[in-house]
Number of protein chains: 2
Amino acid sequence: MESYSFLLIIAIILLSTKVLGLASGKISMPQVVGALIAGLILGPSVLGVVEETELLAALSEIGVIMLMFDAGLGTDLKELKTTGVASFVIAIIGVVVPLVGGMGLYMIYFPNNGDAMYMLEAVFIGVILTATSVSITVETLRELGKLQGKVGTAIMGAAVIDDILGIVVLTVVSSFTDPNVKISVVLLKILLFFLFVAIVGFICYKLFKILNNQYRDQMHRRVAIYSLSFCLIMSFCAEHFFGVADITGAYFAGLLLCNLPYVRQYVSRRVSIVSYMFFSPIFFASVGVKTDLRGLTPSLLIFGLLLLLIAILTKVVGCGLGAKLCKFSTHDALSIGVGMVSRGEVALIVAQKGASCGLVSESMFAPVILVVIVTTLITPILLKLVMSDRKSAEPAVQA
Amino acid sequence: MESYSFLLIIAIILLSTKVLGLASGKISMPQVVGALIAGLILGPSVLGVVEETELLAALSEIGVIMLMFDAGLGTDLKELKTTGVASFVIAIIGVVVPLVGGMGLYMIYFPNNGDAMYMLEAVFIGVILTATSVSITVETLRELGKLQGKVGTAIMGAAVIDDILGIVVLTVVSSFTDPNVKISVVLLKILLFFLFVAIVGFICYKLFKILNNQYRDQMHRRVAIYSLSFCLIMSFCAEHFFGVADITGAYFAGLLLCNLPYVRQYVSRRVSIVSYMFFSPIFFASVGVKTDLRGLTPSLLIFGLLLLLIAILTKVVGCGLGAKLCKFSTHDALSIGVGMVSRGEVALIVAQKGASCGLVSESMFAPVILVVIVTTLITPILLKLVMSDRKSAEPAVQA
């Protein structure tokens, strides 16, 4: 690669993800769909003008970290406590059912070939189906004007817990790839990670609380830079010392700061600007660049369509069942189930993680992308169908 | 390098540049001084914890590009036209005198060793002394409350022209490194570059003008992303097709958009956030990391101090003379001369550029850093001494 061509590559990525993002917005789809398609087109599937480089890999890693940090910052702990038990039950069943569904489909479709990792591969396909995308859910609910209602709050809470559960499950499963590692050690490391988050996080929380109170009226740039550094250090420590995914560290860094209102608002605004201006388009595009649709054989296409069906049904059934158990009406339970269908960046992150530890073959990216694109696309449509016959808690946003 | 350690390295750079930047702010120095010192400490001179990598080099290149793009965006063309002729004369003489002074010092201190490049090396040291740092000048004038006065406007105009002259001189000199290149070809390429800027720039200006008018009340993210992509493409084209520095392309991209008020304000705000949150600290630190102060022999230290003396005297005399020729009072001429003393990122960029094309030995970085740090430090102090006995045009900012 010529020494300056990375400037051109980045410009092409930024332009194409934005243009296709806007195009998908025009037809009422989330912009992330367009960004993924841009990556697909630039990558080996179509044009082949962008290839994976060390630089793009690093920039895209920073992109995911910022997305997860911002998701953590955006978490409303109070809202979470209110819906508490209901959200927890919805999230748990809503994780277990797709996990089992995905595993089952994989084991039926790809019979055991004697590979020592076979069970883990099946579990990983299940894990990919567990993670609801908070951002897409929120965006959809906001557009429908249902974010503050009872159903909306339950979905929000469940989506947040779902995220944490998904990350924990992902970490446990990822750690199994090294056959020398014992489950007990892995679990101990996870426990130690939580202890680390509790102790170091508490100290840092107290330090940031001082900044929060000192600069409440007039935030300073230093707060944003300290926070971003904190996030990067947490990401590094998670990977380096505890074998936990770096994005888990970033997410907890966000959670630790989400209760400091001034810090949270100031930092989230700046991180989201840095993210959408530069890093997250590179992340989305690089996912697309990694996806080789040329590998989508008829067999994989059929698998993708079945996976999609399982992805939709298991979330609706799992979350709906959880909601019914918590005494929601059948209509509300259906709405909650439908609201949890959308998969987004998290499913892609899990798939990438699986590929990087050798459990998910890169040929699986195409079916997963199919699931992400279609579930992302179908959630707003289904939610509108199910929810629009009831009165909104607040007026719907004019998009 | 372990695959995740870049996260830690970036966090360390962000934290240390900010902390030392704030520390230098505490003692009334610009924050850039602290950031440079942070890089020095992290680099081989002191701790040796950060080394140059391809990733850091790319991030720091993006950092300079963003700084120059934002400087271009911040240019006030109207203000420039008002002070017009005076600013031009001040800038021209203020570039020629330091250029000659720097060359002369080098030729006296390091007698001709028969190296074919000797004269070019001498010229390059002169070029390093030409560039006034706009950002540091503006910041200093704003702190003193003298930005809108007659003297302030003349300094601003001269600083902007000085920047353009410095970049043109830099480009001409850089192009000489390849002995096969003829001056006529180099000058033709520069002319073609200006033609390119005029034609492509005009078309893009017209396109951005549509966005400027369409979204005046409610800017959209797309405008910021298109602008940044435009800047990256201009940077790439400048280097790739015209042999002109990428930062020149970035600067002109900024100049082309600086006259669209809504676009300019929106884009500049976002680019400056992306820059100060991530890229420019990495740029400043990487300059420090490149500086090996272990190479500061007694002889180079003496050279550095002489270079510093020349740097201060030639700007004061050159710019002051220009101002006197344009009928400013002696006191105002002195103020203008002193206001132009500060060197900043541009001097470092020139030094780096010189090193990358083999004209400036890396051992010269230490004397140049000395000049940047001391002139940056001394400008606010001298300006305060010279200007504070007169009434301000507006109240001084409480720092």
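(A) The overall build of chain A, seen in detail. Scanning chain A from terminus to terminus reveals 15 helices and 0 strands. Residue burial in chain A is summarised as follows: out of 399 residues, 60% are buried. Looking at chain A alone, contacts between residues at least 24 apart form 80% of all its contacts between residues at least 6 apart.

(B) The arrangement of unusual backbone geometry in detail. We note that Lys327(A) has phi near 70°; this positive angle belongs to a residue other than glycine. With respect to the helices and strands, the residue Lys327(A) is situated in the loop between helix 12 (298–325) and helix 13 (330–339).

(C) Structural context of the packing of aromatic side chains. Overall, the coordinates contain 37 aromatic pairs over all chains when judged by the stated rule. Every member of this aromatic cluster is reached through a ring pair, and the members are Phe193(A), Phe194(A), Phe196(A), Phe236(A), Phe241(A), Phe242(A), Tyr251(A) and Phe252(A). When the ring centre of Tyr266(A) is taken as origin, the NZ or CZ atom of Arg270(A), which lies over that ring, is 3.7 Å away. One Lys or Arg, Arg221(B), reaches over the ring of Tyr276(A) and ends 3.8 Å from the middle of that ring.

(D) How the structure looks around the interface of chain B and chain A. The partner chain A presents 45 residues to the 45 residues of chain B that form the contact. Surface buried jointly by chain B and chain A totals about 4400 Å² across both partners, of which 80% is contributed by carbon and sulfur atoms. It is Tyr4(B), Tyr276(B) and Met277(B) in chain B that bury the most area against chain A; as a group they hold 15% of the surface buried on that side. Here chain B and chain A share 0 salt bridges between them. The tally of links between chain B and chain A comes to 4 residue pairs in polar contact (both at pLDDT 80 or more). Among the secondary structure elements, those contributing two or more residues to the side of chain B that touches chain A are helix 1 (5–26), helix 3 (54–73), helix 9 (221–242) and helix 11 (261–290) of chain B. The biggest single contributor to the side of chain B that touches chain A is helix 9 of chain B, with 13 residues. Here the residues of the side of chain B that touches chain A are counted per class, giving 31 nonpolar, 4 polar and 10 charged.

(E) Inspection of the relation of the copies chain B and chain A at higher detail. For the pair chain B and chain A, the relating rotation is 180°, the translation along its axis is 0.1 Å, and the fit reaches an RMSD of 0.1 Å. As the rotation angle and translation indicate, the two copies are arranged about a two-fold axis. If distances are taken from each C-alpha of chain B to the rotation axis, the shortest is found for Val274(B), at 2.5 Å. In this assembly, 100% of the residues forming the interface of chain B have copies in chain A that are likewise at the interface, indicating an isologous arrangement.

(F) Just the confidence of the model for chain A, in detail. Residue and element names in this part refer to chain A. Averaged over chain A, the pLDDT score is 82; the fraction of residues at 70 or greater is 86%. When the criterion is pLDDT under 50, residues 392–399 qualifies, and its contacts beyond four places in sequence or with other chains add up to 16 contacts. Overall fold confidence (pTM) sits at 0.78, and the ipTM for the predicted complex is 0.78.

(G) Spatial organisation of helix 11 of chain B. Residues and elements named next belong to chain B. A rise of 1.5 Å per residue sets the reference length of helix 11, with its 30 residues, at 44 Å; its end C-alpha atoms lie only 38 Å apart and thus fall more than 12% short of the reference. In the structure, helix 11 departs most strongly from a straight axis at Tyr-276, where the bend amounts to approximately 60°. Judged by how many residues are buried, helix 11 sits mostly within the fold: 25 of 30 residues are covered.

(H) Geometry of the side chain of Ser87(A). Residue and element names in this part refer to chain A. Considering the arrangement of structural elements, one finds Ser-87 in helix 4 (residues 77–109). For Ser-87, a relative accessible area of 0% corresponds to the buried category. For Ser-87, the side chain forms a polar contact with the main-chain oxygen of Ala-154, separated by 3.4 Å. Apart from residues no more than four positions distant in its own chain, Ser-87 is found in contact with Thr-153, Ala-154, Gly-157, Ala-158 and Ile-161.

(I) Here's a closer look at the environment of Lys81(A). Residue and element names in this part refer to chain A. Along the chain, Lys-81 falls in helix 4. Given the relative accessible area of 65%, Lys-81 is considered exposed. For the pair Lys-81 and Gly-157, spaced 76 residues apart in sequence, the C-alpha separation works out to 8.1 Å.

(J) Broad picture of a positive patch on the surface. Side chains of Arg221(A), Arg269(A), Arg221(B) and Arg269(B) sit close together on the surface and give a patch of like positive charge. Within the element layout of this structure, Arg221(B) appears in helix 9. By relative accessible area, Arg221(B) is classed as partly exposed at 42%.

(K) Quick look at the environment of Tyr4(A). In this structure, Tyr4(A) sits in the segment before helix 1 (5–26). Look at Tyr4(A) and you get buried, because its relative accessible area is 18%. Here Tyr4(A) is in contact with Glu61(B), Phe236(B), Glu239(B), Asp246(B) and Lys353(B), once residues within four sequence places are set aside.

(L) Fine view of the packing of helix 12 (residues 298–325) of chain B against helix 13 (residues 330–339) of chain B. All names here are of chain B. At their nearest, the axes of helix 12 and helix 13 sit 7 Å apart, and the two run at 140° to each other. One finds that helix 12 runs oblique with respect to helix 13. Relative to helix 13, helix 12 is oriented so that their crossing is right-handed. Two secondary-structure elements touch here, helix 12 through Lys-315, Val-316, Cys-319, Gly-320, Ala-323 and Lys-324 and helix 13 through Thr-330, Ala-333, Leu-334, Ile-336, Gly-337 and Val-338. Split into classes, the residues belonging to the contact of helix 12 with helix 13 amount to 7 nonpolar, 3 polar and 2 charged.

(M) Up close: helix 13 of chain B. Among the 10 residues of helix 13 of chain B, 7 are classified as buried, and the element is accordingly described as predominantly covered. Every buried residue belonging to helix 13 of chain B is among Asp332(B), Ala333(B), Ser335(B), Ile336(B), Gly337(B), Val338(B) and Gly339(B), and all of these are buried.

(N) Local environment of the environment of Phe230(A). Residue and element names in this part refer to chain A. For Phe-230, the location among the structural elements is in helix 9 (residues 221–242). C-alpha separation for the pair Phe-230 and Cys-204, spaced 26 residues apart in sequence, amounts to 8.4 Å. Once residues lying within four places of it in the same chain are set aside, the contact partners of Phe-230 are Cys-204, Phe-208, Ala-253, Leu-256 and Leu-257.

(O) Structural context of the state of the cysteines. Applying the stated criterion across every chain, the model contains 0 disulfides over all chains. Among the cysteines around Cys258(A), which has no disulfide bond, Cys231(A) carries the closest sulfur, lying 14 Å off. Its sulfur unpaired, Cys319(B) is 11 Å from the next cysteine sulfur, which belongs to Cys326(B). Residue Cys319(B) is classed as buried on the basis of its relative accessible area, which comes to 0%.

(P) Representation of the packing of helix 9 of chain B against helix 10 (residues 246–257) of chain B in the model. All names here are of chain B. Where helix 9 meets helix 10, the axes come as close as 7 Å, and the angle between the chain directions of the two elements is 140°. Between helix 9 and helix 10, the interaxial angle falls into the category oblique. Here the hand of the crossing between helix 9 and helix 10 comes out right-handed. Of the residues in helix 10, those in contact with Ser-227, Phe-230, Cys-231, Met-234, Ser-235, Ala-238 and Glu-239 of helix 9 are Asp-246, Gly-249, Ala-250, Ala-253, Leu-256 and Leu-257. Looking at the contact of helix 9 with helix 10 residue by residue, the class counts come to 8 nonpolar, 3 polar and 2 charged.

How each quantity is defined
- Residues numbered from 1 in each chain as written.
- Chains lettered and ligands numbered in written order.
- Predicted model: local features only at pLDDT ≥ 70, side-chain atom pairs only at ≥ 80, totals over all residues.
- Heavy atoms only, no water.
- Helix = DSSP H or I, 4+ residues; strand = E, 2+ residues; numbered from the N terminus.
- Buried < 20%, exposed > 50% of the residue type's maximum accessible area, 1.4 Å probe, protein only.
- Contact = heavy atoms within 4.5 Å.
- Phe/Tyr/Trp six-rings, centres within 6.5 Å; stacked < 30°, edge-to-face > 60°.
- Lys NZ or Arg CZ within 6 Å of the ring centre and 35° of its normal.
- Buried area = accessible area lost by both parts, 1.4 Å probe.
- Salt bridge = Lys/Arg side-chain N within 4 Å of Asp/Glu carboxyl O.
- Polar contact = N/O pair within 3.5 Å; in protein donor to acceptor, adjacent residues only side chain to side chain.
- Nonpolar A, V, L, I, M, F, W, Y, C, P; charged D, E, K, R; others polar.
- Least-squares fit on C-alpha atoms with pLDDT ≥ 70 in both.
- pLDDT = per-residue confidence, 0-100.
- Expected span 1.5 Å × (residues − 1).
- Bend = angle between axes of the 7 residues up to and from the residue.
- Patch = residues over 30% accessible without salt bridge, like charges linked within 9 Å, V, L, I, M, F, W, Y side chains within 5 Å.
- Areas by Shrake-Rupley, 256 points an atom, 1.4 Å probe, with all protein chains shown as cover.
- Lys, Arg positive; Asp, Glu negative; His and termini not counted.
- Charge placed at Lys NZ, Arg CZ, Asp CG, Glu CD.
- Axes fitted to C-alpha atoms, helices over the stretch in contact; angles between N-to-C directions.
- Parallel < 35°, antiparallel > 145°, perpendicular 65-115°, else oblique.
- Left-handed = near helix turned anticlockwise from the far one by under 90°.
- Disulfide = S-S within 2.5 Å.

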